[in-house]
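Letter by letter, the chains look like this.
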Amino acid sequence: MKLTIKRYDEMVRRASPPSKLAADCAWAFCVGGGICLLGEALRKAYLAAGFVLSDASTMTSVTLIALSAVATASGWYQKLAAKAGAGTLVPITGFANAVVSPAIEAKCEGYVPGVGAKMFLIAGPVIVYGLLASTAWGALYWFLRPWL
């Protein structure tokens, strides 16, 4: 039996589940917004506790990273990401998940060669290039400061 392109497209359409694009986008928007809302609530709570704005913002970032790491280690973050998709890619929690996931998966290899080495699989290039770029710009600023 020779299968034509038209017949193949028809078979694919029947076998594929219908797309719920609008519902998926709305759910991702709500989850991402919820994570941002949690961050804002944490920042307000730290400000109410007496922290200055820069310290409250830092504490908010640290708390969101810690919550994301705990949720990743317990398997909750992956379940949420499976349902919410891109909504969980809010930069700080998504990055924390990306750093913790390889370390958790490599736990069976031991703490130093597994967790210690794999933790920087994703974060390593970001940390290295960020550190090098900030050092280069700082040195350039220090050198050019008398003429600015």
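All of these numbers come straight from a predicted model, not from anything done at the bench.

(A) Layout of the layout of surface pockets. Estimates place the volume of the largest pocket at around 160 Å³. Together, Gly-34, Ile-35, Leu-38, Leu-64, Leu-67, Ser-68, Ala-71, Tyr-77, Leu-80 and Thr-93 line the largest pocket. Looking at the lining of the largest pocket element by element, the count peaks at four residues for helix H3 (residues 53–74). Looking at the lining of the largest pocket residue by residue, the classes come out as seven nonpolar, three polar and no charged.

(B) Looking closely at H3. Given a rise of 1.5 Å per residue, 22 residues ought to cover 32 Å, and the 31 Å separating the end C-alpha atoms of H3 matches this to within 8%. All of the buried residues along H3 are Ala-56, Thr-60, Thr-63, Leu-64, Ser-68, Ala-71 and Thr-72. Seen along its axis, H3 keeps its buried residues to an arc of 165°; they face one direction. One or two residues past the end of H3 sits Gly-75, with phi positive at roughly 90°.

(C) Here's a closer look at the side chain of Thr-88. Structurally, Thr-88 can be placed in the loop between helix H4 (76–84) and helix H5 (91–105). At 2.9 Å, the side chain of Thr-88 forms a polar contact with the backbone oxygen of Gly-85. Excluding its chain neighbours within four sequence positions, the residues that come into contact with Thr-88 are Val-31, Ile-35, Tyr-77, Leu-80, Ala-81, Thr-93 and Gly-94.

(D) Local environment of the packing of H3 against H4. Axis separation between H3 and H4 bottoms out at 4 Å; the angle between their running directions is 90°. By the criterion of interaxial angle, the relationship of H3 to H4 is roughly perpendicular. For the pair H3 and H4, the contacting residues are Ser-68, Ala-71, Thr-72 and Ser-74 in the first and Trp-76, Tyr-77 and Gln-78 in the second. By residue class, the composition of the contact of H3 with H4 is three nonpolar, four polar and no charged.

(E) Structural context of a nonpolar patch on the surface. Residues Trp-137, Leu-140, Tyr-141, Trp-142, Phe-143, Leu-144, Trp-147 and Leu-148 make up a contiguous nonpolar surface patch of roughly 1100 Å² in combined accessible area. Inspection of the secondary structure puts Phe-143 in helix H7 (residues 120–144).

The rules behind each value
- Position numbers for residues start from 1 in each chain and track the written sequence from start to end.
- A pLDDT threshold of at least 70 governs which residues receive local features in this predicted model, and a stricter bar of 80 or more applies before side-chain atom pairs are shown or counted, although totals over entire chains, interfaces and linings include all residues.
- Heavy atoms from the whole structure form the basis of all side-chain values; hydrogens and water molecules are not counted.
- Definitions used for this entry: grid spacing 1 Å over protein atoms alone; cavity, a set of points where a 1.4 Å probe fits but cannot get out; pocket, an open set with protein on both sides within 12 Å along at least 5 of 7 lines; lining residue, one with an atom within 4 Å of a point.
- Grid points are joined across faces, edges and corners, and a volume is the space filled by probe spheres set on the points.
- Per the convention used, a helix needs a DSSP run of H or I reaching at least four residues, while a strand needs a run of E reaching at least two, with both numbered from the N terminus.
- Asp, Glu, Lys and Arg are counted as charged, while Ala, Val, Leu, Ile, Met, Phe, Trp, Tyr, Cys and Pro are counted as nonpolar; the rest, among them Gly, fall into the polar class.
- A helix's residues, less one, multiplied by 1.5 Å, set its expected span.
- Relative accessible area decides the class of each residue, using a 1.4 Å probe on protein chains only: under 20% of the type maximum gives buried, over 50% gives exposed, and in between gives partly exposed.
- Starting at the helix axis, one direction is taken to each C-beta atom, and the arc is that of these directions.
- Polar contacts here mean pairs of N or O atoms no more than 3.5 Å apart (in protein, one a potential hydrogen donor and the other a potential acceptor; neighbouring residues in sequence count only if both atoms are side-chain atoms).
- Contacts between residues were defined by any pair of non-hydrogen atoms, one from each residue, lying within 4.5 Å.
- For every element, the axis is a line fit to its C-alpha atoms; helices are fit only across the contacting stretch, and the angle between N-to-C directions ranges from 0 to 180 degrees.
- Put simply, angles under 35 degrees are roughly parallel, angles over 145 are roughly antiparallel, angles from 65 to 115 are roughly perpendicular, and the rest are oblique.
- Patch criteria: residues need more than 30% relative accessible area and no salt bridge. Like-charged residues are merged within 9 Å; nonpolar side chains of Val, Leu, Ile, Met, Phe, Trp and Tyr are merged within 5 Å.
- Throughout, the Shrake-Rupley method with a 1.4 Å probe supplies accessible areas, and for residues the shown protein chains are the sole cover considered.
- We define a salt bridge as a side-chain nitrogen of Lys or Arg found within 4 Å of a carboxyl oxygen belonging to Asp or Glu.

As far as function goes, none of this settles anything; it's purely spatial.
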